[in-house]
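# Inside the fold
So you can see what is in the structure, the chains are spelled out below.
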2 protein chains.
Amino acid sequence: MPYFDAATSAPLHPVARQALLAALDEGWADPARLYREGRRARLLLDASREAAAEAVGCRPDELVFTASGTQALHTGIAGALAGRRRAGRHLIVSAVEHSAVLHSAAVHEGQGGEVTEIPVDRGGRVDASLFVRALREDTALACLQSANHEVGTVQPVAEIAEVCRATGVPLLVDAAQSLAWGPVEGGWSVLTGSAHKWGGPAGVGLLAVRKGVRFSVQGPVDERESGRAPGFENLPAIVAAAASLRAVRAEAAQEAARLRELTALIRARVPEIVADVEVVGDPERRLPHIVTFSCLYVDGESLLHELDRAEFSVSSGSSCTSSTLTPSHVLKAMGVLSEGNVRVSLPPGTSRDDVERFLTVLPDAVASVREKLGAPVGDASPSGLEELILDTLGKRCPLPVIELAKAIGRVVAGGTVTVISDDEVAELDIRAWCHLRGHEYVGEKPADQGWAYVVRRLI
Amino acid sequence: MPYFDAATSAPLHPVARQALLAALDEGWADPARLYREGRRARLLLDASREAAAEAVGCRPDELVFTASGTQALHTGIAGALAGRRRAGRHLIVSAVEHSAVLHSAAVHEGQGGEVTEIPVDRGGRVDASLFVRALREDTALACLQSANHEVGTVQPVAEIAEVCRATGVPLLVDAAQSLAWGPVEGGWSVLTGSAHKWGGPAGVGLLAVRKGVRFSVQGPVDERESGRAPGFENLPAIVAAAASLRAVRAEAAQEAARLRELTALIRARVPEIVADVEVVGDPERRLPHIVTFSCLYVDGESLLHELDRAEFSVSSGSSCTSSTLTPSHVLKAMGVLSEGNVRVSLPPGTSRDDVERFLTVLPDAVASVREKLGAPVGDASPSGLEELILDTLGKRCPLPVIELAKAIGRVVAGGTVTVISDDEVAELDIRAWCHLRGHEYVGEKPADQGWAYVVRRLI
């Protein structure tokens, strides 16, 4: 069945599999030991580091392997912040960073540090001038992803890196989503990556720290990986990670062009074949393999199940999906609709046929969920009201928006509908609904229970 | 070539290899996702957790998988200390814990915590009464390994766990070396393990925290592994780890009996075939597969190279081996000879033939190193001196001891030899030499350069 969730985890690249098998035989011993098996392991580790460093665009002695991309981020942020403690305790992150970055930022704040979150535009792109303006004398570190993991938007890293360098603030770049496609351009100071995002195995992250960047690893360490990643090296996986990074890079230019066409096809076709849909993310400055859209009057989990039944595996930034009850902070920061959200991220090798088939099953999948939820069909019979209050307490996304959509026709143009809701995403989705349908979002105020969201009918 | 360093990393068990291959196909997706590949991954993760928990002797919801045994220890110690912050900030560890425990203890001390290190006897075993006496009202956590990784000595865990439980102090047990042989008995609170020690793959550790133990994970976390081990699960390796733990346990009783005989053979034979050797570690209460000995007038690195040339891979706790310049803290804590140290740790399946062959090549390997270093042969011609001073400044282990051994015959019985040395291990090895040769270690005092170590000839 077509797996369209490469941005969560790419299927293992054949080269990774082959290298992993070979290294299970040749690279299981401790590279710190002096005997034959240890020396062989050391050679493999050194060669892997050289290959990875070349792909990243740094010196081998600037790069260490960690147990995951998350660990690389946690270690990189804590180490860079501690290394710059004398400069101050101010941390800058974009609002759409991976949660691992935001978790690190929250810990920093909990320890008395200060965090500035830089907002993004409706396309998910950070405003470089806002980012630059946030730089202060006491800024210890700035963090910016190379590209967003949920909507694929590429960030202005080179531009921001230049200003950071000029002001002496180190820039950490989370390159997890883009490393498969090429090195990160510009003068970054710290860079992280995650092998299972590019078709390598799980269990391997990259942390590169440029020479000259003040860096002080926090917590207990040992003599492994230059004292930056404690614990026995996962060498077979490291070998597989490095080999597959080299392999995907060799195919990157051609595959990027091919996948970009396929995601462009989805971007163009989805609004034609599904009503009330918003394609999100920057239409131009984007990764080749990711496309994300949200469907009104649909809950993400049900839509995922429908698509799964139709044999398509995608993910969703909607609330109520999987173990999370809050919507994606990325969609929230972008101010776009979070309900009925679908992220399609194509692994290398995805065929046009599969994408065409996805576009064939999507409308039925959406229609099926909408039908079950009682989504509005046609306009409600006008009642000529000036004002209407909808009590949707206890109802979860997307029900409050469905009720709003059904009710809006009952008030006159210029009239208001007030939705009382205790659903966490109500504001985001009501705002986004107004944006999509051309109505005015007037504002919100606390109600006896939950909040009252006021919408003015314009058309 | 025979690999006798299982205590560093065991070769991959065939079951682990098989399970890893299967899980690369079935378990590469994100277990937190709702689609088919994700649900399949979740099932594999759940089944692995159940299998591992059964082997450990805990409930599945008490056990999480970490990226390494080291990470399990760092997380376990920091989490247990933080969970008990109200009780106090006193931490107890044995002096022969794995360096990952001692690194955590050092960090705790650096943050204002207090650490008590419990000494061990010459066999490497912690005195339970000393351990118990160290428990205080403000003790937040006590740490004790199930068995020592360098000399194989089994620790009195059950006895200490009982007292800890009675006094309300949680006991963390590092079970890395013993999990292959059976569960840890007694009422431990936190337990850690490392898959590559039992023939599983690298990249997987275990952290079990009993229900009711106050535990507060430090640093950034996410929703994975109950919030105790952030980052994408390394599922193929987890599956392989759990499967191989079950497999080695099925073979454990029989294999333990077989390896115990082989290590007993080494323990008995080495002193017969090599002069001036000390077999270290508790002769009875020990792991089946580990035996350690130290050879006078030999440096560990040269001996390892000689054995490697003879196709045997062993490790050493001597200084000057591999990347470390200090002798093993374990040998130091035991007060035994550190020079010419060899640890033999037999992987399951080791044949008697290989062990016999090891015993055949060992004497020549030792003799060859001794010859190169000019180790003493026969007694020095007596000079009838009352007192002799040896300047060995700048000479590294084992040269100061070799010079001492050559000189002792030149003083009369009751006379003294004073060794001036700036080698870090001189005291340890001169003390151990006196113990082995029946002379008196009088004491040490600072010299103009280095230290002066005074030895009285007794026989």
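Along every chain, residues carry numbers that run from 1 in the direction the sequence is written. Each chain takes a letter, starting from A, and each ligand takes a number, starting from 1, following the order in which they are written. With pLDDT at 70 or above as the cut-off, local features in this predicted model cover only qualifying residues; side-chain atom pairs require 80 or more to be listed or tallied, and sums for whole chains, interfaces and linings still use all residues. Each side-chain value is derived from all of the structure's non-hydrogen atoms; neither hydrogens nor water enter the calculation.

### Side note on the layout of surface pockets
The condition that has to hold: Lining residues are those with an atom within 4 Å of a point, where the points come from a 1 Å grid over the protein atoms alone and group into cavities, where a 1.4 Å probe fits but cannot get out, or pockets, open sets with protein on both sides within 12 Å along at least five of seven lines. Grid points are joined across faces, edges and corners, and a volume is the space filled by probe spheres set on the points. Secondary structure elements follow DSSP: runs of H or I no shorter than four residues count as helices, runs of E no shorter than two count as strands, and numbering proceeds from the N terminus. Under the grouping applied here, Gly and all other residues not named as nonpolar or charged are polar, the nonpolar ones being Ala, Val, Leu, Ile, Met, Phe, Trp, Tyr, Cys and Pro and the charged ones Asp, Glu, Lys and Arg.
Approximately 1500 Å³ is the volume attributed to the largest pocket. Lining the largest pocket are 48 residues, and of these Gln218, Gly219 and Pro220 of chain A together with Gln218 and Gly219 of chain B lie nearest its centre. Elements supplying a minimum of two residues to the lining of the largest pocket: α3 (69-83) and α4 (99-110) of chain A together with α3 (69-83) and α4 (99-110) of chain B. Of the residues belonging to the lining of the largest pocket, the class tally is 20 nonpolar, 22 polar and six charged.

### A few points about the domain arrangement of chain A
Residues and elements named next belong to chain A. Here is the rule: Boundaries of every domain are those given by an automatic assignment or by a domain database. Contacts: residue pairs with any heavy atoms within 4.5 Å of one another. Summed over both partners, the accessible area (1.4 Å probe) lost when two parts come together is defined as the buried area. The term salt bridge refers to a pairing of a side-chain nitrogen on Lys or Arg with a carboxyl oxygen on Asp or Glu at a separation within 4 Å.
Taken domain by domain, chain A holds domain 1 (14-248), domain 2 (251-373) and domain 3 (385-456). Of note, the centres of domain 1 and domain 2, computed from C-alpha atoms alone, are 28 Å apart. Every contact between the two is made by 25 residues of domain 1 and, on the other side, 26 residues of domain 2. Across the interface of domain 1 and domain 2, roughly 2100 Å² is buried in total on both sides, 58% from carbon and sulfur atoms. On the domain 1 side of the contact with domain 2, Arg122, Glu150 and Trp181 bury the most area, a combined 37% of that side's loss. A salt bridge links arginine 122 to glutamate 278; the shortest N-O distance between them is 2.8 Å. Elements that contribute at least two residues to the side of domain 1 that touches domain 2 include exactly α4 and α7 (235-273).

### Re the relation of the copies chain A and chain B
Put simply, the rule is: Overlaid copies result from least-squares superposition on C-alpha atoms, with residues included only where pLDDT is at least 70 in both.
After a rotation of 180 degrees and a shift along the axis of 0.0 Å, chain A superposes on chain B with an RMSD of 0.1 Å. Both copies are brought into coincidence by an operation consistent with a two-fold rotation axis. When the interface residues of chain A are mapped onto chain B, 100% of them are again interface residues, pointing to one common binding face.

### Describing empty space enclosed by the protein
If a probe as big as a water molecule is rolled over the atoms, it shows which places are left empty. What the rule picks out here adds up to six cavities of 30 Å³ or more. Approximately 300 Å³ is the volume attributed to the largest cavity. Around the largest cavity sit 33 residues that line it, and Leu20 and Ala237 of chain A together with Leu20, Asn234 and Ala237 of chain B are the ones nearest its centre. Tallying contributions element by element places helix α7 (residues 235-273) of chain B first for the lining of the largest cavity, with three residues. Classifying every residue of the lining of the largest cavity by side-chain character gives 23 nonpolar, nine polar and one charged.

### A short note on the sheet that holds strand β14 (residues 451-456) of chain A
Residue and element names in this part refer to chain A. What counts, and what does not: A pair of strands is treated as paired once DSSP finds two or more bridges between them. To obtain each axis, a line is fitted to C-alpha atoms, and for helices this fit is confined to the stretch in contact; angles are then taken between N-to-C directions over 0 to 180 degrees.
Spatial ordering of the open sheet is given by β11-β12-β14-β13, a layout of four strands whose pairing is mixed. Each edge of the open sheet carries a strand with a single partner, namely β11 (385-391) and β13 (440-446). Between one strand axis and the next, the sheet turns by 15 degrees as a mean value, whatever way the strands run. Both β13 and β14 contribute to a ladder of six bridges, which runs antiparallel. Counted as the bridge partner of glutamate 440 is arginine 456 from β14. Most of the contacts of helix α12 (residues 426-437) go to β13, to which it runs at about 165 degrees, and overall it touches β12 (411-421), β13 and β14.

### Quick notes on the interface of chain A and chain B
Keep this limit in mind: Polar contacts here mean pairs of N or O atoms no more than 3.5 Å apart (in protein, one a potential hydrogen donor and the other a potential acceptor; neighbouring residues in sequence count only if both atoms are side-chain atoms).
On the chain B side, the residues contacting the 55 residues of chain A number 55 residues. Taking both sides of the interface into account, the surface hidden between chain A and chain B amounts to around 4500 Å²; carbon and sulfur atoms contribute 61%. Of all residues in chain A, Trp28, Leu34 and Tyr35 of chain A give up the largest surface area on contact with chain B, accounting jointly for 14% of the area buried on that side. For the interface between chain A and chain B, the tally reads eight salt bridges. The partner of arginine 17 of chain B in a salt bridge is aspartate 25 of chain A, with the nearest N and O atoms 2.8 Å apart. Taken together, the connections running from chain A to chain B amount to 17 residue pairs in polar contact (both at pLDDT 80 or more).

### A few points about the sheet that holds strand β10 (residues 341-345) of chain B
Paired through their backbone hydrogen bonds, the strands of a sheet run either parallel or antiparallel. Residue and element names in this part refer to chain B. Strand order in the open sheet formed by three strands is β8-β9-β10, and the pairing between neighbours is antiparallel. In this open sheet, the two strands that pair with only one neighbour each are β8 (277-280) and β10. Going from strand to strand, the sheet's axes swing by 20 degrees on average, the running direction of each strand aside. When β8 meets strand β9 (residues 290-295), the two strands line up antiparallel, connected through four bridges. Its bridge partner lying in β9, valine 280 is registered against threonine 292. Packed onto the sheet, α7 meets β8, β9 and β10 and runs at close to 15 degrees relative to β9.

### A few points about α3 of chain A
Put simply, the test is: Every helix has an expected span of 1.5 Å times one less than the residues it contains. Only protein chains enter the accessibility calculation, which uses a 1.4 Å probe; a residue whose area is less than 20% of its type maximum is buried, one above 50% is exposed, and one in between is partly exposed.
Taking 1.5 Å of rise per residue, the 15 residues of α3 of chain A would be expected to cover 21 Å, and the 21 Å separating its terminal C-alpha atoms lies within 8% of that figure. The element α3 of chain A is largely enclosed, with a buried count of 14 among its 15 residues.

### Notes on a negative patch on the surface
Selection criterion: Patch definition: residues with relative accessible area over 30% and no salt bridge; like charges joined within 9 Å; nonpolar side chains (Val, Leu, Ile, Met, Phe, Trp, Tyr) joined within 5 Å. Where accessible areas are quoted, they stem from the Shrake-Rupley method and a 1.4 Å probe; at the residue level, only the protein chains shown are allowed to cover. Two residue types count as positive, namely Lys and Arg, and two as negative, namely Asp and Glu; His and chain ends fall outside the count. Positions of charges follow a simple convention, taking NZ of Lys, CZ of Arg, CG of Asp or CD of Glu.
On the surface, a cluster of negative charge is contributed by Asp121, Asp127, Glu159 and Glu162 of chain A. Mapped onto the elements of the fold, aspartate 127 of chain A is located in the loop between β3 (114-118) and α5 (128-134).

### What to know about the environment of tryptophan 188 of chain B
Residue and element names in this part refer to chain B. In this structure, tryptophan 188 sits in the loop between β5 (171-174) and β6 (190-194). For tryptophan 188, a relative accessible area of 1% translates into the label buried. Placed 112 residues apart in sequence, tryptophan 188 and glycine 76 show a C-alpha to C-alpha distance of 13 Å. What tryptophan 188 contacts, discounting residues up to four positions off in sequence, is Val56, Gly57, Cys58, Ala161, Leu171, Val173, Ala208 and Arg210. Here valine 184 takes part through its backbone oxygen, which lies 3.4 Å from a polar atom of the side chain of tryptophan 188.

### Here's the deal with the packing of helix α8 (residues 300-309) of chain B against helix α10 (residues 352-373) of chain B
Residues and elements named next belong to chain B. Basically, it comes down to this: Should an angle fall under 35 degrees it is called roughly parallel, over 145 degrees roughly antiparallel, and 65 to 115 degrees roughly perpendicular, with every other angle called oblique. For a crossing to be left-handed, the near helix must be turned anticlockwise from the far one by less than a right angle; the clockwise case is right-handed.
Remark: α8 packs on α10, axes separated minimally by 9 Å, with the N-to-C direction vectors making an angle of 135 degrees. Classed by the angle they form, the pair α8 and α10 counts as oblique. As for the relative orientation of α8 and α10, their crossing is right-handed in sense. Judged by residue contacts, Ser302, Leu303, Glu306, Leu307 and Arg309 of α8 engage Phe358, Val361, Leu362, Ala365, Val366, Ser368, Val369 and Lys372 from α10. Residues of the contact of α8 with α10, tallied by class, amount to eight nonpolar, two polar and three charged.

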